[in-house]
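Listed below are the residues making up each chain.
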Amino acid sequence: MSRAFYVTTPIYYISGNPHIGHAYTTVVADVLARTARTDGPAFFLTGTDEHGQKVANAAAEHGTTPQAWCDALVPRWQSLFAAYHVAYDDFIRPTQPRHESKVQRVFEKLRERGDVYLGTYEGWYCVYDETFWLEAKLVEGRCPTCGRDVQWISEEDWFFRLSAYRDRLLEHFKANPQWVRPRSVYNEMVAILEEGLDDLSISRTNFDWGIPIPAAAAGHGGVIYVWFDALLNYITAIGWSEDDARFHRLWPASVQLIGKEIARFHTIIWPAILWALGEAAPELVFAHGWITVDGQKIGKSLGNAVDPFALAERFGADSLRYFLLREAPFGSDFSYSEEKIAQRYNSDLGNDLGNLLKRTLSMLQKYRDGIVPSRSVESALARRFSALPQRVRTLTLDLDFRGALESAWELVTGLNREIDERKPWILAKEGRAEELDALLYDLCEGLRWLAMLLHPVMPERTAQMWNQLGLEGGIAADWDRSLRWGGLEPGTQTHVGDVLFPRIELAESLQGA
Ligand code: MSP
């Protein structure tokens, strides 16, 4: 069976407040999957992270069981993704039997191999980040990532022999300088590896909301450490140890998207676990930057997160998807503000793209009753843009979303310029019918291309474009086959529809609303 493009997002802490940062990673994964599909099969996995003390505490505070608490919260995440037009293929929950049984199998397998052993753990633990810390890493006695209090833990634990993989990890980093991107994160990880690695405690006994340590290791009791459990979602969801053919069609993952704060888990602990299992490391882990407000990561403090549902309602989810990908190079932090969104929306989407569609279809209506003419003159646009789909796809799959959109915008600008320079109203007035036909054809054909090329980023608005162009079905079809200049059938009946991106005037800010 041929390999498929496999993209994952982190599984999101279920009790966190969904915000635009979570939508960000998930939207990017969606764009990758949709783009990969223009060329072959793809699979996109996301989900929620549900075990651990933090969730158990929250459930207790709300007077309910952890399972009921998680069940109640899952729809909030799923509706966030739906609101952002995300079409994932699978949504995994670590509380599902398909996951739990396999995590126990992993534990057993590694115990048999000697990569999991019983030892004593003493050290600091941050419940909020579910992370162990060395004394030396604490900042003024607190968690270095979230600044919260840490607690001293001393117990007999199961350990994963992470230290044994340090040399192989270093070699892997050296031999594959592109496997962790961007470079800043790659360098940071190499520095951690050069300092040396401790073994990792992977069991907890002071609470029970987690996957039980398998019976074969009984006597000890306890549950599996939430990160060890959570990381495995990427392979339990796709049939590891259950359906080999399916698993190997998807694994190793093509791209694992994460925020940079969890790079250590995904590029040091995760490949070591995979190797212990005899599986390959993912092809690429990309650690993107943070969306910030006033220089602070959204979500860090409760007050700085805008309601992502209200945001999607105000600007339209497709416009936000465009903004998130276009505003900053992928990998860097970028500061979010409604003014910036409105600015991009009104200029790129409203003025450039939306107006182009409106102008073209209005002229076609006026001069040709909305019917796509046939063209008899060779088109310069066809030559100029023939390699565009390939370029957009390559840049996108290389995670240069900004570059991909800039390339697509060359066509937007090119078409607008055709109108401005060739002035269809003059051609009409002077009765130069053949030239007018050719120009109108090219404008419509260019718009058909744009609808297809921008579909992964703006699935809903491009479907509207498609519809106004009089097209049915096929907007997500294979680019190589469908994007040949001249593919639009003469005689197609178009119609001028609603304005795609009506102008937005910012009245009151949603910030803090
Ligand atoms: N549950 C763990 C991940 C386990 S994966 C095996 C976790 N969850 S999280 O909900 O705290 O965050 C997950 C991801 O959300 C981050 O890695 C990042 O991709 C995204 N973001 C959260 N806040 C963000 C911003 N402010 N900006 C950009 N992305 C953000 O960590």
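Our subject is the structure that appears above.
Residues numbered from 1 in each chain as written. Predicted model: local features only at pLDDT ≥ 70, side-chain atom pairs only at ≥ 80, totals over all residues. Heavy atoms only, no water.

Asker: Which residues make up the site of the ligand, and what values go with them?
Answerer: The full set close to the ligand counts 26 residues, and Ile-11, Thr-25, Asp-49, Gly-259 and Ile-291 are the nearest of them. The separation between a nitrogen atom of the ligand and a polar side-chain atom of Asp-49 is 2.7 Å. Between the ligand and the protein, one listed contact pairs an oxygen atom with a side-chain N or O atom of His-288 at 3.3 Å. Elements with a contribution of two residues or more to the shell around the ligand: β1 (5–13), α1 (20–36), α7 (226–231), α8 (233–236) and β11 (255–259). Here the residues of the shell around the ligand are counted per class, giving 14 nonpolar, nine polar and three charged. (Near = heavy atom within 4 Å. Polar contact = N/O pair within 3.5 Å; in protein donor to acceptor, adjacent residues only side chain to side chain. Helix = DSSP H or I, 4+ residues; strand = E, 2+ residues; numbered from the N terminus. Nonpolar A, V, L, I, M, F, W, Y, C, P; charged D, E, K, R; others polar.)

Asker: With reference to specific residues and values, describe the pairing of strand β2 (residues 42–49).
Answerer: β2 sits mainly inside the fold: eight of its eight residues count as buried. Sheet analysis places β1 next to β2, joined by seven bridges and oriented parallel. From the neighbouring strand, Tyr-6 faces β2, where its bridge partner is Phe-43. Once you follow β1 into α1 and on to β2, the crossover reads as right-handed. Here β2 pairs with strand β3 (residues 90–92) via three bridges, running parallel. Bridging from a neighbouring strand, Thr-46 pairs with Phe-91 of β3. (Buried < 20%, exposed > 50% of the residue type's maximum accessible area, 1.4 Å probe, protein only. Pairing = 2+ DSSP bridges. Right-handed = clockwise from strand over helix to strand, strands pointing away.)

Asker: For the packing of aromatic side chains, give the residues involved together with the corresponding values.
Answerer: By the definition in use, this model includes 31 aromatic pairs. Centroid distance Phe-107 to Trp-158: 5.5 Å. Interplanar angle 80 degrees. Geometry classified as edge-to-face. With Phe-107 in helix α4 (residues 97–113) and Trp-158 in strand β6 (residues 151–160), the pair connects residues that are 51 residues apart, well separated along the chain. As far as burial versus exposure is concerned, Phe-107 and Trp-158 are alike and both buried. Members of the aromatic cluster, connected to one another through ring pairs, are Tyr-6, Phe-43, Tyr-234, Phe-247, Trp-251 and Trp-270. Above the ring of Tyr-13, the side-chain terminus of Lys-54 is found at 3.8 Å from the ring centroid. Positioned above the aromatic ring of Tyr-128, the side-chain terminus of Lys-54 is 4.6 Å from the ring centre. (Phe/Tyr/Trp six-rings, centres within 6.5 Å; stacked < 30°, edge-to-face > 60°. Lys NZ or Arg CZ within 6 Å of the ring centre and 35° of its normal.)

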